[in-house]
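Each chain, letter by letter, is given below.
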Amino acid sequence: MHEMSLMSGMLSIANDALRGLNVKRVNAVTVSVGVLSNCLTDALELAFRSLSENTVFEGARLILCEKDFLAKCSVCGKEFTASGFPVACPACTSARLAIISGDEVYIESIDYEEEVCQKSQ
Ligand SMILES: [Zn+2]
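Calculation notes
Residues numbered from 1 in each chain as written. Predicted model: local features only at pLDDT ≥ 70, side-chain atom pairs only at ≥ 80, totals over all residues. Heavy atoms only, no water. Donors = N, O, S within 2.8 Å, 3.2 Å for Na, K, Ca; no water. Tetrahedral: all angles 85-135°; square planar, octahedral: opposite > 155°, others 65-115°. Helix = DSSP H or I, 4+ residues; strand = E, 2+ residues; numbered from the N terminus. Buried < 20%, exposed > 50% of the residue type's maximum accessible area, 1.4 Å probe, protein only. Expected span 1.5 Å × (residues − 1). Arc of directions from axis to C-beta. Contact = heavy atoms within 4.5 Å. Pairing = 2+ DSSP bridges. Axes fitted to C-alpha atoms, helices over the stretch in contact; angles between N-to-C directions.

Draft legend 1. Representation of the coordination of the zinc ion within the structure. Binding of the zinc ion to the protein goes through Cys73 (SG), Cys76 (SG), Cys89 (SG) and Cys92 (SG), at separations of 2.3 Å. With 4 donor atoms in place around the zinc ion and angles of 106 to 115° between them, the coordination shape is tetrahedral. Read in sequence order, the donor residues coordinating the zinc ion give the pattern C-x2-C-x12-C-x2-C. Here the residue cysteine 76 occupies a position in the loop between β3 (69-73) and β4 (79-82), and cysteine 92 occupies one in the loop between β4 and β5 (97-101), the gap between them amounting to 16 residues. Using a relative accessible area of 43% as the deciding quantity, one classes cysteine 76 as partly exposed.

And the structure:
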């Protein structure tokens, strides 16, 4: 299940990013999922639930944003986005194309609350 290792990597990056901040609670984590990543959203959700246990991410909402892929026509050179196959160039209708991007999975943003006043504890 590569969703588990993907999520584990993302959470460790997110953890590093939040280190040093007075994070009280993470409300939501927004993850961008390229349509060519072969990631199952259910599996990502499951991985997030199990990996976030006993961390600052526990209980946070996972928001998955599916992203179209970017392709470039090999005939006329036009770049365009598409969400699935089969794909034809919108300019010349050729089906010969190169995939430029669309398999990335990464954290887009983290919505968190900061500890406002530490002295009141
Ligand atoms: Zn074309």
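Draft legend 2. Seen up close, helix α2 (residues 41-52). If you check α2, its first and last C-alpha atoms are 16 Å apart, about what 12 residues at 1.5 Å a residue would give, namely 16 Å. Taken as a whole, α2 has its buried residues at Ala43, Leu44, Ala47, Phe48 and Ser52. When α2 is viewed along its axis, its buried side chains cluster within an angular range of 145° and face the same direction. The exposed set on the far side of α2, more than 90 degrees from its buried face, consists of Asp42 and Leu46. Looking at the buried side of α2, the elements it contacts are α1 (2-18), β1 (23-34) and β2 (61-67).

Draft legend 3. Spotlight on the environment of proline 90. Looking at the secondary structure, you find proline 90 in the loop between β4 and β5. Placed 12 residues apart in sequence, proline 90 and lysine 78 show a C-alpha to C-alpha distance of 8.3 Å. Ignoring anything within four residues of it in the chain, the contact list for proline 90 reads Lys78 and Phe80.

Draft legend 4. Molecular detail of the sheet that holds β1. Strands sit in the order β2-β1-β6 across an open sheet of 3 strands; the sheet is mixed. In this open sheet, the two edge strands, each paired with only one partner strand, are β2 and β6 (105-114). Going from strand to strand, the sheet's axes swing by 20° on average, the running direction of each strand aside. Two strands pair when backbone bridges link them, and β1 and β2 are joined in this way by 7 bridges, in the parallel orientation. Among the inter-strand pairings, serine 32 is bridged to a residue of β2, identified as cysteine 65. α1 contacts β1, β2 and β6 of the sheet and is inclined by roughly 40° relative to β6.

Such coordinate-based values are descriptive only and should not be taken to indicate function.
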